[in-house]
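Listed below, chain by chain, are the residues.
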Amino acid sequence: MTPEINIPEVLAEVRAVFARYEEALVANQRAVLDELFWNSPHTLRYGFSENHYGHADICAFRASLPVQSPPRELLRTVITTYGRDFATANVEFRREGSRQIGRQSQTWLRTAEGWRVVAAHVSLMD
């Protein structure tokens, strides 16, 4: 059975939590970023030059960063929900002062605590 795609109220929820994530990323609000990743050893994040497995590893990496992410422009954002409890968010972006295009993919899951990222990937195109 195929889940219902983009149920309006579910899509609105995921858009809102994605916007909260983006705001926290740009403002370097590490506590919010840590909160929005699922607190599980099954969570993973593939970064520009590193791989992190588990919420604790992701939080430790983020805490080790000396500065916040450079400002960026979102060029294209595609959020799709599948049923009421699963979603993906895919973004093309450009960092301020750069011509490179970045890509960010997130898999979101509704948990008892709310929507959480269970898998993420960030990369730059040459």
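As a reminder, the structure under discussion sits directly above these lines.
Counting restarts for each chain: residues are numbered from 1 in the order of the written sequence. With pLDDT at 70 or above as the cut-off, local features in this predicted model cover only qualifying residues; side-chain atom pairs require 80 or more to be listed or tallied, and sums for whole chains, interfaces and linings still use all residues. The basis for every side-chain value is the complete set of heavy atoms in the structure, and neither hydrogens nor water enter the calculation.

Novice: Help me out: how do you make sense of the environment of Thr88 in this one?
Specialist: Numbered from the N terminus, helices here are DSSP runs of H or I no shorter than four residues, and strands are runs of E no shorter than two. Looking at the element boundaries, Thr88 is found in strand E4 (residues 86–95). Separated by 21 residues in sequence, Thr88 and Val67 place their C-alpha atoms 27 Å apart. Should any heavy atoms of two residues lie within 4.5 Å, those residues are counted as being in contact. If near-sequence neighbours (up to four positions away) are discounted, Thr88 is found in contact with Val78, Ile79, Thr80, Tyr82 and Gln106.

Novice: I keep staring at the layout of surface pockets and nothing clicks. Help me out?
Specialist: Any empty space left between atoms is shown by rolling a water-sized probe over those atoms. Using a grid of 1 Å spacing that covers the protein atoms alone, one calls a set of points a cavity when a 1.4 Å probe fits there but cannot get out, and a pocket when the set is open and has protein on both sides within 12 Å along at least five of seven lines; lining residues are those with an atom within 4 Å of a point. Grid points are joined across faces, edges and corners, and a volume is the space filled by probe spheres set on the points. The computed volume of the largest pocket comes to approximately 460 Å³. Lining of the largest pocket is provided by 21 residues; of these, Leu25, Arg45, Phe48, Leu65 and Ser69 occupy positions nearest its centre. Counting residues per element, the ones that place at least two in the lining of the largest pocket are helix H1 (8–27), helix H2 (30–36), helix H3 (55–64) and E4. Any residue outside Ala, Val, Leu, Ile, Met, Phe, Trp, Tyr, Cys, Pro, Asp, Glu, Lys and Arg is labelled polar, Gly included; the first ten of those are nonpolar and the last four are charged. Residue composition of the lining of the largest pocket, grouped by class: 11 nonpolar, 4 polar and 6 charged.

Novice: For this particular structure, what's the right way to read H1?
Specialist: For the α-helix, the turn length of 3.6 residues means that residues three or four positions removed from each other point alike. Taking 1.5 Å as the rise per residue, H1 with 20 residues should run 28 Å; its terminal C-alpha atoms sit 28 Å apart, in good agreement. Exposed residues in this analysis have more than 50% of their type's maximum accessible area, buried residues have under 20%, and partly exposed residues fall in between, with area computed by a 1.4 Å probe over protein chains only. Those residues of H1 not exposed but buried are Val10, Leu11, Val14, Val17, Phe18, Tyr21, Glu22, Ala24 and Leu25. Projected onto a plane normal to the axis of H1, the buried residues spread over an arc of 165 degrees and lie on a single side. Exposed side of H1, more than 90 degrees from the buried face: Pro8 and Glu23 are the residues found there. Looking at the packing, one finds that the buried side of H1 touches H2, H3, strand E3 (72–82), E4, strand E5 (102–111) and strand E6 (114–124). Phi turns positive one or two residues past the end of H1, at Asn28, with a value near 60 degrees. Given a helix with a known number of residues, its expected span is that number minus one, times 1.5 Å. It is the directions from the helix axis to the C-beta atoms whose arc is reported.

Novice: Whenever I open this one, the packing of aromatic side chains confuses me. Can you help?
Specialist: Two descriptors summarise a pair of aromatic rings, namely the distance from one centre to the other and the angle between the planes of the rings. Centres within 6.5 Å are what make two rings of Phe, Tyr or Trp a pair, Trp counting through its six-membered ring; a difference in plane orientation under 30 degrees is then read as stacked, over 60 as edge-to-face, and the rest as tilted. Across all of its chains, the model carries 4 aromatic pairs by this definition. Centre to centre, the rings of Tyr21 and Phe37 are 6.2 Å apart; their planes meet at 50 degrees, and the pair counts as tilted. Here the residue Tyr21 occupies a position in helix H1, and Phe37 occupies one in the loop between H2 and strand E1 (44–46), the gap between them amounting to 16 residues. Since its relative accessible area comes to 2%, Phe37 is described here as buried.

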